[in-house]
Every structure is written in C-alpha cells, then in structure tokens.
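Geometric and topological summary
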Amino acid sequence: MTAIDSGALKRTPLHDIHGALGAKIVPFAGYEMPVQYPTGITVEHKAVRETCGMFDVSHMGEVLVQGPDAIRFVNSVTSNDVAALAVGQVQYSTLLRADGTIVDDLLVYRFADHLMLVINASNRDKDLAHLRAHQAAFDCTLTDVSDDTALLAVQGPQAPAIVASLASVPLDGIKYYWFTEGRIAGVPAIISRTGYTGELGFELYFDQAQAVHVWNAVMNAGAVTPAGLGCRDSLRLEAGMALYGHELDDHTTPLEAGLNWLVKLGKGEPFLGKDVLVRQHQEGTDRRLVGFTFDERAIPRHGYGVYYGGVKVGEVCSGTMSPTLGIPVGTCYLPTAAAVEGTTFDVEIRGKMIPARVVKLPFYKRPGKA
C-alpha cells in the first residue's frame, strides 16, 4: 500500500484504543483505520462467525434529512421506496444519477420526524454534493452529523445477548432491518438490527464523545473480539454483500449488480435514472454480477483479468480464500448470457489462466437462515 501523509487523514474517536491493542493501522477512506489486530484476520473472522466481534466503523457518514419533503426528496434520488418505510424501519438502497448509475449504496433510517442516511466514508463529499444538487425543489434540510457520530458494529451469534445486557430497552422484538432508540451502557443510542457480515448483531450509533466508554462496556460484557477492516471484507464477501469501489461504482447500475430488489419502478414518485432502469428491466442488461470459485488453490484478487471465450471481459471485483468455507471465492461481471450458475471462464493470475466456475450468491448463509 502506498504511503500516505498521516497528517491528512482523520482518526475515529477510538484511534488510541486501536493503537493500545496493537492494531495494524492503514489509510482507508480518508481515515487511519485498523485493518487487523495481533490475533490476525482469520481469528477475527472466525470470532464473528462463531461468537462475537466488534468493529469500529465510526468513519461511516451520517446525514439527517429533515422537513416536510424529506421522504419525497430521498425517494427522488434513490431506487428503493422510502415512503414504504414504517417508523423504526431501515432500508438498503442506492443513490442514483439520471443515467441510472450508482453514486453510492446507503442505508435509509425512518424516524418519526426525519430520515437518516448512512453513507460510505469514501463517498461522503461526493454524496453530499449530489444530494444538495437535487435538493432545491424540496422543502427539506440536510445536516451532516458524521463527525459527531460514533458507530460500532457488534456482530456474531452471541452479539444480541451481549448488546441486550447493556441496553435500557428490550431488544428481542427488533427484527432484521429495524431499529430502536435507548441507552447502551447509559449512553443514548440508536440500536439497529443491521450489519455487514451475514451474522446476527447490532449497529450502535451514539455521540462520538462516548465512544471509549461504550467500546469498553461492550468488551467487558462478554467474549468479544476486536475486529478490523480485513475480516469485515472477508465476512461481507462470503455473505454476498457489495462493496462500493468493487462490485459497485460510478459506471454500474443496480440491475447490472443484481440489486433488482432495491429498484422499485412502481413507486409513486419519479426518481433519478428511472427511465434507464425501466429500459434495462424490459430489455435486459449487457452484463451481470456473478460469484465464482476455483477448483485450484489459487486466490482471486481485485483487479485480476477475467476472460470468457478467450476474450477479456472485465476484472475481479473482490476475491479471497474464504476462511469459513476453505475455498477461493470471488465476484466479477460477465456477459449476461454467461452469467448463469455453472458457466466456466478464466481468471488471469500472474500470467496463468485459472479456470473459474460461476456459483450462486451468497457463498455463505448463517446456520438457520432460510
């Protein structure tokens, strides 16, 4: 990784904690972030799958949308149907341009009197500029609260019990992609039944000044393993979750990326990119995102060339040796006709063509999940 002047990078409120724990700190999305701790990525990954891991994801962006037209405005720039959200519900969506391409993927939280958008740190400035460029016709305001907000992701089979032991409100009834408000270790928080790992767990939003207190309280509440960006990436890839800059980018539409379920073409309000997405829905797309594996013990990496019928058709979006499954897994785009389970193609690794096979996403589902 190219050296970057650390003076230009931001730090989360838990930076000193990560340093004290011996984390390897790397530049990521404009922040100094822990990529792994001394235990290593595989141990951290396994902890999230089997017990509980905690991630500092305070670098993520949070934007409040307030005013009479808040729902109409966000509906006009995103693919999902914000108006269908109940108070206390969360929605995964894509922020769109007029040509149907994805500015970012994001979460939309509906409160009684406002919305909260959770955006990727690397896209924060771009997203805000895009939102403000399309806001003028709507009676609403945008407030960036990213720098005031800490965010912890507590994930794994034991995570619900650990978080519940610190919560001032009951959590048993909170369904996936719903949230409540209460206190965690005495600190006012948004307690969200969401995550980026494919496991049970919660994401906790609260005042960044309380970050060390809440981190320590969770760590002391059970067998919790600090987890870094390295295993966050391997966990989300196993679970078939997209990462902006890899599966998603400025040139991709949600239909190409297999996110059809996020595109509500019949919602009441017009929205950016609708005409393009209607056409793609009717006529199909030229390419589709797929998951793949190798029979060889080779590891696909982001950027490796992808060849179909002897012709280069793209690059690997994401890839790793799956810690849970023990096999190579990756994602890439293939021509639509080839984007079906069982299709074979090649990935070039250090000058050698490695046979790959399309497999169904996600690669991993937690036990008991349909």
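Scroll up a little and you will see the structure.
Summarised in this report is the structure supplied together with it. Per-chain numbering applies: the sequence of each chain, read as written, is numbered from 1 onward. Thresholds applied to this predicted model are a pLDDT of at least 70 for local features of residues and 80 or more for the giving and counting of side-chain atom pairs; totals over whole chains, interfaces and linings are not thresholded and use all residues. Side-chain measures were taken over the full set of non-hydrogen atoms in the model, leaving aside hydrogen atoms and water.

1. Let's talk about the sheet that holds strand β1 (residues 10-11)
- Ordered by their spatial adjacency, three strands build an open sheet running β1-β3-β2, and the pairing between neighbours is mixed. At either end of the open sheet lies a strand with only one pairing partner, and these are β1 and β2 (24-28).
- Two strands are said to pair when DSSP picks up at least two bridges between them. Only runs of H or I of at least four residues qualify as helices and only runs of E of at least two qualify as strands under DSSP, and these elements are numbered from the N terminus. By the bridge criterion, two bridges tie β1 to strand β3 (residues 31-36) in an arrangement that is parallel. The residue of β3 that forms the bridge with R11 is E32.

2. Observations regarding the packing of aromatic side chains
- Each Phe, Tyr or Trp ring, with Trp reduced to its six-membered ring, pairs with another whose centre is within 6.5 Å; inter-plane angles below 30 degrees give stacked pairs, above 60 give edge-to-face pairs, and intermediate values give tilted ones. Summed over the entire model, instances satisfying the criterion amount to eight aromatic pairs.
- Look at F73 and F138: their rings are 5.5 Å apart centre to centre, the planes differ by 55°, and that puts the pair in the tilted class. Here F73, found in helix α3 (residues 70-77), pairs with F138, found in the loop between α4 (124-133) and β9 (141-144); they are 65 residues apart in sequence, far enough to count as distant.
- Using a relative accessible area of 16% as the deciding quantity, one classes F138 as buried.
- Ring centres of Y109 and Y205 lie 5.5 Å apart, and the angle between their planes is 80°; on these two criteria the pair is classed as edge-to-face. Residue Y109 is located in strand β7 (residues 102-110), and its partner Y205 is located in strand β13 (residues 201-207); the two are separated by 96 residues in the primary sequence. In terms of burial, Y109 and Y205 fall into one category: buried.
- By way of ring pairs, the aromatic residues Y109, F111, F179 and Y205 are connected into one cluster. Here the term buried applies to any residue with accessible area under 20% of the maximum for its type, exposed to any over 50%, and partly exposed to those in between, with areas from a 1.4 Å probe on protein chains only.

3. Examining the pairing of strand β16 (residues 305-308)
- The sheet contact formed by β16 and strand β17 (residues 311-321) spans four bridges and is antiparallel. Bridging across to β17, Y307 finds its partner in K312.
- In textbook terms, the turn of a hairpin is the stretch between consecutive antiparallel strands, and for β16 and β17 this stretch comprises two residues, one of which, G309, has a positive phi near 65°.
- Bridge count for β16 against strand β19 (residues 344-349) is two bridges, and the pairing is antiparallel. Bridging across to β19, Y307 finds its partner in D346.

4. Overview of the environment of R301
- Looking at the element boundaries, R301 is found in the loop between β15 (287-294) and β16.
- Sequence separation between R301 and F271 is 30 residues; the distance between their C-alpha atoms is 35 Å.
- The contact criterion used throughout is that any non-hydrogen atoms of two residues lie within 4.5 Å. Every residue in contact with R301, bar those within four places of it in the chain, is listed here: V316, G319 and T320.

5. Looking at the nonpolar core
- For the purposes of this section, nonpolar cores are sets of buried Ala, Val, Leu, Ile, Met, Phe, Trp, Tyr and Cys residues that join through side-chain atoms within 4.5 Å. In this structure, V65, F73 and Y109 are the most contacted members of the largest nonpolar core, which totals 59 residues.
- Contributions of two or more residues to this core are made by β5 (61-66), α3, β6 (90-96), β7, β8 (114-119), α4, β10 (149-155) and α7 (229-238).
- In terms of residue count, the dominant contributor to this core is β7 (six residues).
- Those residues in contact with Y109, other than ones at most four positions away along the chain, are Q89, V90, H114, L115, M116, V118, F179, I190, S192, T194, E203 and Y205.
- Grouped together as the second largest cluster of nonpolar side chains are 29 residues, L14, C52, I184 and I191 included.

6. Structural notes on the pairing of strand β4 (residues 53-56)
- Side-chain alternation along β4 places G53 and F55 on one buried face and M54 and D56 on a second face that is also buried.
- Direction of pairing for β4 relative to strand β14 (residues 225-226): parallel, over a ladder of two bridges. The residue bridging M54 from the neighbouring strand is P226, located in β14.

7. Examining a nonpolar patch on the surface
- In this analysis, a patch consists of residues with relative accessible area above 30% that form no salt bridge, clustered at 9 Å for like charges and at 5 Å for the nonpolar side chains Val, Leu, Ile, Met, Phe, Trp and Tyr. Method for areas: the Shrake-Rupley scheme with a 1.4 Å probe, in which residue coverage is limited to the protein chains shown. In the sections that follow, a salt bridge refers to a side-chain nitrogen of Lys or Arg positioned within 4 Å of a carboxyl oxygen of Asp or Glu. Together, Y308, V311 and V313 line one region of the surface with nonpolar side chains, adding up to about 230 Å² of accessible area.
- Along the chain, V313 falls in strand β17.
- Residue V313 is classed as partly exposed on the basis of its relative accessible area of 33%.

8. Concerning the layout of surface pockets
- Here a cavity is any set of points on a 1 Å grid over the protein atoms alone where a 1.4 Å probe fits but cannot get out, and a pocket is any open set with protein on both sides within 12 Å along at least 5 of 7 lines; a residue lines the site when it has an atom within 4 Å of a point. Grid points are joined across faces, edges and corners, and a volume is the space filled by probe spheres set on the points. Here the second largest pocket is characterised by a volume of approximately 250 Å³.
- If you go around the second largest pocket, you meet 14 residues; those closest to its centre are T149, I190, Y205, F206 and D207.
- Of all the secondary-structure elements, those providing two or more residues to the lining of the second largest pocket are β8, β12 (187-192) and β13.
- Ten residue types, Ala, Val, Leu, Ile, Met, Phe, Trp, Tyr, Cys and Pro, are classed as nonpolar, four, Asp, Glu, Lys and Arg, as charged, and the remainder, Gly among them, as polar. Residues belonging to the lining of the second largest pocket are distributed by class as follows: nine nonpolar, two polar and three charged.

9. Quick look at the sheet that holds β14
- One open sheet holds the six strands; their spatial order is β11-β12-β13-β10-β4-β14, and the pairing between them is mixed. In this open sheet, the two edge strands, each paired with only one partner strand, are β11 (179-184) and β14.

10. Considerations on α3
- Summarising burial for α3: six of the eight residues are buried, a large majority.
- For α3, the set of buried residues is A70, F73, V74, N75, S76 and V77.
- Close packing links the buried residues of α3 with β5, β6, β7, β8, α4 and β9.

11. Details of the pattern of salt bridges
- Going through the model one piece at a time under the given rule, you end up with 16 salt bridges.
- A salt bridge links R97 to D250; the nearest nitrogen and oxygen atoms lie 2.6 Å apart. Taken together, the residues span a long stretch of sequence, with R97 in the loop between β6 and β7 and D250 in the loop between α7 and α8 (274-283) at a distance of 153 residues.
- Exposure remark for R97: the relative accessible area of 22% places this residue in the partly exposed category.
- Among the ionic pairs, E296 bridges to K352, the shortest N-O distance being 3.6 Å. Taken together, the positions of E296 in the loop between β15 and β16 and K352 in strand β20 (residues 352-359) put the pair 56 residues apart, joining distant regions of the chain.
- Accessibility expressed as a relative area gives 32% for E296, which makes it partly exposed.
- Sharing partners across several salt bridges, the network here consists of K10, R124, D144 and D147.

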